[in-house]
Amino acid sequence: MDLSKEQDRKEFLKHVEVIKPRKVDLTKPMAIIYNPTSGKRRDIRPIIKQRLDAASIPFEILESKKAFDTFAIPHEFDIDKYSVLVAVGGDGSFHEVVNGMLQRKDGKRIPVGFLPNGSANDTNISFGVTNIDQALDFLVKRESIRIDAVSYTHLAGDSQMTL
């Protein structure tokens, strides 16, 4: 199959589901959970501030101070104050932020974004995003897509995890 050919593209599209991004309402600020100890500990706050200010996107940086803050902040904060939840860090930070929100007792959810600042950044790479500028491009476009989350309980204990 040669996707540069119109006929092949049409045939290909018959067999896949096209994911259509949705616009995110940013009438409230983004909550940016920033993990300063992730990865190479590069301070990317000035880059984030410059891009979001230039796009007139309101945001608040909520910096983690200790272990598991990246879980506790989205688990306990006033989610109604924000339009989007953004994790800044590595794959572990992203995992904790998502789990913190999904395990909220009130069940409230908002869209989640991720700005890579870890060592491997496999989560972003799996979406084709290889650097901070590409990730910020997606935030500035105000688009989101749905992805599945799977929850399981570890058989050897009572801990619950979300993938």
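Details of the structure are given in the entry above.
Residues numbered from 1 in each chain as written. Predicted model: local features only at pLDDT ≥ 70, side-chain atom pairs only at ≥ 80, totals over all residues. Heavy atoms only, no water.

### Comments concerning unusual backbone geometry
Trans peptide bonds make up most of the peptide bonds, and negative phi angles are found at most residues other than glycine. Here the phi dihedral of S56 falls at roughly 55 degrees; this positive angle occurs in a residue that is not glycine. Looking at the element boundaries, S56 is found in the loop between α2 (45-54) and β3 (59-63). For F68, which is not a glycine, the phi torsion comes out positive at approximately 70 degrees. The residue F68 is located in the loop between β3 and α3 (69-76) in this model. (Helix = DSSP H or I, 4+ residues; strand = E, 2+ residues; numbered from the N terminus.)

### A look at the packing of aromatic side chains
Throughout the structure, instances matching the rule amount to 2 aromatic pairs. Seen from their ring centres, F77 and Y82 are 5.1 Å apart, and the 15 degrees between their planes marks the pair as stacked. Each of the two residues, F77 as well as Y82, counts as buried. Taken together, a centroid distance of 4.9 Å and an interplanar angle of 50 degrees make the contact between F94 and F114 tilted. With a gap of 20 residues between them, F94 in helix α4 (residues 91-102) and F114 in strand β5 (residues 112-116) connect regions that are remote in the sequence. (Phe/Tyr/Trp six-rings, centres within 6.5 Å; stacked < 30°, edge-to-face > 60°. Buried < 20%, exposed > 50% of the residue type's maximum accessible area, 1.4 Å probe, protein only.)

### A word on the sheet that holds β5
Strand order across the open sheet formed by 4 strands is β3-β2-β4-β5, with parallel pairing between neighbours. The two strands at the open ends of the sheet, each matched to only one other strand, are β3 and β5. Averaged over all adjacent pairs, the angle separating strand axes in this sheet is 25 degrees, with direction ignored. As judged from the 5 bridges shared by strand β2 (residues 30-34) and β3, these two strands associate in the parallel manner. Residue pairing for β3: A31 is matched across the bridge by E60. Together, β2, β4 (84-89) and β5 form the strand contacts of α4, whose direction differs from that of β4 by roughly 150 degrees. (Pairing = 2+ DSSP bridges. Axes fitted to C-alpha atoms, helices over the stretch in contact; angles between N-to-C directions. Contact = heavy atoms within 4.5 Å.)

### Description of the environment of N99
Following the sequence through the fold, N99 ends up in helix α4. The class of N99 is buried, set by a relative accessible area of 4%. Remark: the alpha-carbon pair of N99 and A72, spanning 27 residues in sequence, is separated by 9.4 Å. Looking at N99, its side chain comes within polar contact range of the main-chain oxygen of H95, at 2.9 Å. (Polar contact = N/O pair within 3.5 Å; in protein donor to acceptor, adjacent residues only side chain to side chain.)

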